[in-house]
Amino acid sequence: MPPAGKARQKTPRQSDASSAAAPSDRLNPGSARSLLLTLLGEFVLPRGRPVWTSTLVHVLVGAGIVEKSARQAIARASATGWIDAHPVGRQTCWTLTERGRRVIDEGAQRVLSMGQRNTPWDGRWLVLVMASPEGDRALKLKVSRALHWIGFGNPIAGLWVNPHSDREEEARRVLQQLAVSATTFAFVGPSSQMGMTDRQVVDQSWDLDTVSVHYDQLLNRFGRLRPGSGDPMLFTHVQLVNEWQRVPFVDPGLPLVLLPPRWGGKEAVTRLEGLRQQWSEEAHRRWDEIAGVVPTV
């Protein structure tokens, strides 16, 4: 048995940052379902074996979720098609579905892309000129969230820009999924010598001061912690990983050449990643300890 801001436009706007999302499967960061997805991606997927309900609930509660919400998150993940239930006597264990693995993989790739700042920028922008869906606020919000998730900024109405031109296929999928391809013109290329400079485009599209403040807040929250071994280390690691997965909601991951020379987020990113690596081994050891033996299903 298992054991128990500024006046100028912000993009993404500060009020939207916590709710920004890629298309339908993306989550509001910090929610019970978001933390559950963190557990599935960090611990369940790499091991390739089922996990007990009690293990998931134990860690979710330890990470700050009330038990009722933890169990509801598991039930909703099952209803969404991320996980499948397998009764074992009076207990239930769960396996990831193909859909669940795809959601985790897509999110992981986006988070990993944040480490590509050091890759030299080729000077090209991926640009979308989009007619706003008139009278459909829900669709506008979905488009905004989905494009922010893959790194787009919105310097002026109807214009979306992304310095990661290799995300053209991701943008294509967003446009198709949300049925706005017919009202969008897209192209890839460098900026002209007329109009705004690249740096001015950045200033109009993203509030990097807000991004830097977000990193400082994370560093203030986690940088002083010295969790003990066992559950404290596991719960703290889960919270940090969950926040790390939130980063693309806030930070567009701009190439270094487009960042201010003394932008404060650089050092914070390095220190937070160091903490994650420092806590990882003990957290995974404790997970294996409480997960117990799960039958093959």
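This write-up is about the structure you can find in this document. What you see is a predicted model; the values in this text were computed from it and never measured.

1. With respect to the overall build of the protein
- On a plain count of helices and strands, the protein comes out with ten helices and seven strands.
- Within the protein, buried positions represent 49% of all 297 residues.
- As displayed, the protein has an accessible area near 14,800 Å², and 51% of this comes from carbon and sulfur atoms.

2. Side note on the pairing of strand β3 (residues 91–96)
- Bridging between strand β1 (residues 51–52) and β3 involves two bridges; their strand directions are antiparallel. Directly across from V51, in β3, lies its bridge partner W94.
- As paired strands, strand β2 (residues 83–88) and β3 are joined by six bridges and run antiparallel to one another. Paired with D84 across the two strands is T95, which belongs to β3.
- Linkage of β2 to β3, two consecutive antiparallel strands, is achieved through a turn of two residues, within which G89 is found at a positive phi near 65 degrees.

3. Concerning the sheet that holds β3
- With respect to topology, three strands assemble into an open sheet ordered β1-β3-β2, the strand pairing being antiparallel. Both edges of this open sheet fall to β1 and β2, since each of them pairs with a single strand only.

4. A few points about the packing of aromatic side chains
- This model, assessed by the stated rule, comprises five aromatic pairs.
- Look at F43 and W287: their rings are 4.6 Å apart centre to centre, the planes differ by 10 degrees, and that puts the pair in the stacked class. Within this pair, whereas F43 is found in helix α1 (residues 32–47), its partner W287 is found in helix α10 (residues 265–291), the two being separated by 244 residues in sequence. Neither F43 nor W287 differs from the other in exposure class; each is buried.
- Ring geometry for F185 against F187: centres 5.7 Å apart, planes inclined by 40 degrees, an arrangement best described as tilted.
- Using a relative accessible area of 53% as the deciding quantity, one classes F185 as exposed.
- With a relative accessible area of 38%, F187 lands in the partly exposed category.
- Just above the ring of W82 sits the side chain of R33; from NZ or CZ to the centre is 5.0 Å.

About the thresholds
Residues numbered from 1 in each chain as written. Predicted model: local features only at pLDDT ≥ 70, side-chain atom pairs only at ≥ 80, totals over all residues. Heavy atoms only, no water. Helix = DSSP H or I, 4+ residues; strand = E, 2+ residues; numbered from the N terminus. Buried < 20%, exposed > 50% of the residue type's maximum accessible area, 1.4 Å probe, protein only. Areas by Shrake-Rupley, 256 points an atom, 1.4 Å probe, with all protein chains shown as cover. Pairing = 2+ DSSP bridges. Phe/Tyr/Trp six-rings, centres within 6.5 Å; stacked < 30°, edge-to-face > 60°. Lys NZ or Arg CZ within 6 Å of the ring centre and 35° of its normal.

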